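Each chain is listed here by its residues.
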Amino acid sequence: MTVRKNQAALTAEEKRRFVAALIELKRSGRYDTFVTTHNEFIMSDTDFGDRVGHRSPSFLPWHRRFLLEFEQALQSVDSSVTLPYWDWTADRTARSSLWAADFLGGTGRSRDNRVMDGPFAAGSGNWPIRVRVDGRGYLRRSLGANGGLTLPTRAEVDSVLAMPTYDTAPWNSSSDGFRNHLEGWRGVNLHNRVHVWVGGQMATGTSPNDPVFWLHHAFVDKLWAEWQALHPDSPYLPQGGTRNVVDLHDTMRPWNDVTPADMLDHTAFYTFDTAA
Ligand SMILES: [Cu+2]
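Numbering of residues begins from 1 in every chain and follows the order in which that chain's sequence is written. Where local features are concerned, this predicted model is filtered to residues with pLDDT of at least 70; where side-chain atom pairs are given and counted, the filter is 80 or more; whole-chain, interface and lining totals use all residues. The basis for every side-chain value is the complete set of heavy atoms in the structure, and neither hydrogens nor water enter the calculation.

Draft legend 1. Looking closely at the coordination of the copper ion. Metal donors: N, O and S atoms at distances within 2.8 Å, or within 3.2 Å for Na, K and Ca, with water omitted from the atom set so that some sites may seem incomplete. Around the copper ion, the protein supplies His38 (NE2), His54 (NE2) and His63 (NE2) as donor atoms, at distances of 2.0 to 2.2 Å. Within one chain, the residues serving as donors to the copper ion are arranged as H-x15-H-x8-H. Pair noted here: His38 is in helix H2 (residues 30-44) and His63 is in helix H3 (residues 59-77), with a separation of 25 residues, a long-range link. Using a 1.4 Å probe on the protein chains alone, a residue whose accessible area is under 20% of its type maximum counts as buried, one over 50% counts as exposed, and one in between counts as partly exposed. A residue is classified by how much of its surface remains accessible, and His38, at 2% relative accessible area, is buried. Overall, the relative accessible area of 4% leaves His63 in the buried class. A run of H or I in DSSP counts as a helix once it spans at least four residues, and a run of E counts as a strand once it spans at least two, with each numbered from the N terminus.

Draft legend 2. Expanded view of the packing of helix H1 (residues 12-28) against H2. H2 packs onto H1 with a crossing angle of 80° between their chain directions and a minimal axis gap of 4 Å. Regarding the angle of H1 to H2, the classification is roughly perpendicular. Seen from H1, the contacting residues are Leu22, Leu25, Lys26 and Ser28; seen from H2, they are Arg30, Tyr31 and Asp32. Considering only residue class, the contact of H1 with H2 consists of three nonpolar, one polar and three charged. Note on geometry: axes are lines fitted to C-alpha atoms, helical ones only across the stretch in contact, with angles between N-to-C directions running from 0 to 180 degrees. To sort the angles, those under 35 degrees are grouped as roughly parallel, those over 145 as roughly antiparallel, those from 65 to 115 as roughly perpendicular, and the leftovers as oblique. By definition in these notes, contact holds between two residues if any of their heavy atoms fall within 4.5 Å. For this scheme, ten residues count as nonpolar: Ala, Val, Leu, Ile, Met, Phe, Trp, Tyr, Cys and Pro. Four count as charged, namely Asp, Glu, Lys and Arg, and the remainder, Gly too, count as polar.

Draft legend 3. Representation of the packing of aromatic side chains. Stacked, tilted and edge-to-face are the three classes assigned to paired rings of Phe, Tyr and Trp, where Trp is represented by its six-membered ring and a pair needs centres within 6.5 Å; plane angles under 30 degrees give stacked, over 60 edge-to-face, the rest tilted. One pass over the structure, following the stated rule, counts 27 aromatic pairs. Taken together, a centroid distance of 5.5 Å and an interplanar angle of 85° make the contact between Tyr31 and Phe70 edge-to-face. Placement of Tyr31 in helix H2 and of Phe70 in helix H3 is noted, with a sequence separation of 39 residues between them. Take Tyr31: its relative accessible area is 0%, and that puts it in the buried class. Classification of Phe70 as buried rests on a relative accessible area of 0%. Ring centres of Trp62 and Phe66 lie 4.8 Å apart, and the angle between their planes is 25°; on these two criteria the pair is classed as stacked. Highlighted residues: Trp62 and Phe66, both in helix H3, separated by four residues, approximately one helical turn. Through a chain of ring-to-ring contacts, the aromatic side chains of Tyr31, Phe34, Phe41, Trp62, Phe66, Phe70, Phe120, Trp127, Phe213, Trp214 and Trp255 assemble into a single cluster. Whether a charge lies above a ring is judged from NZ of Lys or CZ of Arg, which has to be within 6 Å of the ring centre and within 35 degrees of the ring normal. A cation over a ring is seen here: Arg114 above Tyr138, with NZ or CZ 4.0 Å from the ring centre. Above the face of the Phe272 ring, Lys222 is positioned so that its terminal group lies 5.8 Å from the ring centre.

Draft legend 4. Spatial organisation of the pattern of salt bridges. By convention in these notes, a salt bridge is any Lys or Arg side-chain nitrogen within 4 Å of a carboxyl oxygen on Asp or Glu. Here the structure, examined in full by the defined rule, presents 24 salt bridges. Put simply, Asp210 and Arg141 hold a salt bridge, and the shortest N to O gap is 2.7 Å. Here the residue Asp210 occupies a position in the loop between helix H6 (191-198) and helix H7 (212-230), and Arg141 occupies one in the loop between H3 and helix H4 (154-161), the gap between them amounting to 69 residues. The exposure classification of Asp210 matches that of Arg141, with both residues buried. Note that Glu226 is salt-bridged to Lys222, the shortest N-O span being 3.0 Å.

Draft legend 5. Unusual backbone geometry, seen in detail. Look at the link from Ala169 to Pro170: it is a cis peptide, with omega at 10°. Secondary-structure assignment places Pro170 in the loop between H4 and helix H5 (178-183). The step from Arg253 to Pro254 runs through a cis peptide bond, and the omega angle for that step is 0°. Mapped onto the secondary structure, Pro254 falls in the loop between H7 and helix H8 (260-263). Positive phi, normally seen in glycine, also occurs at Arg55, with a value near 45°. For Asn244, which is not glycine, the phi dihedral falls at a positive 70°. Structurally, Asn244 can be placed in the loop between H7 and H8.

Now the structure itself:
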């Protein structure tokens, strides 16, 4: 059974195997197919048109399915590997072990934000950025350097987890409710703010170019599970007949064989190292 662990609790061997599996997916070309898919959805999900991956109720089940597919790809390389999560309310500075050279490497240098250490630094030769929106083929970050931004606090997370309604009309970036506050288009801003705090590719539609994408979304996914545990009687919404939006039993692109209803119970696929 797959157990997703806090990245701060990984052993040296677990980090080594996770990094090696990432590099093998990159080498084989499979990694970049995930970056391409994500960017296609970022570009096509719009507030008043069809929206599936982002700025809509299916943000959470879409990314759960996306992460599952990625985790299965990692496990096809090394069956012991699972996706760790980054609790950015706890590990909230650039000095966290997450950013050490034996794991994801650190922030970028000031001149061009190029990451200079760790397994994903351009100098390693292991991590060419091929799916990109500009000419720069190296991983970039500017941890915490974007306008004095700080990572969300646990109190801010708790204020969002307290919201009893999953999502509300108009089911987009202007909605009230848990989903849009977690996604970050409204209110204290959780998920979106973390993308901007990391900077570099993470602040663009090709954000999965940075391996921290998976650890960030694994924690966002865990927060969905925590919310469900806090509000066991609050359903996924909307439940049917909503134009441009994935209702509970509608299938989601690009898979077309999976619905939000299929994704509601994460324990069908994995558990977390702490109760959620
Ligand atoms: Cu995304």
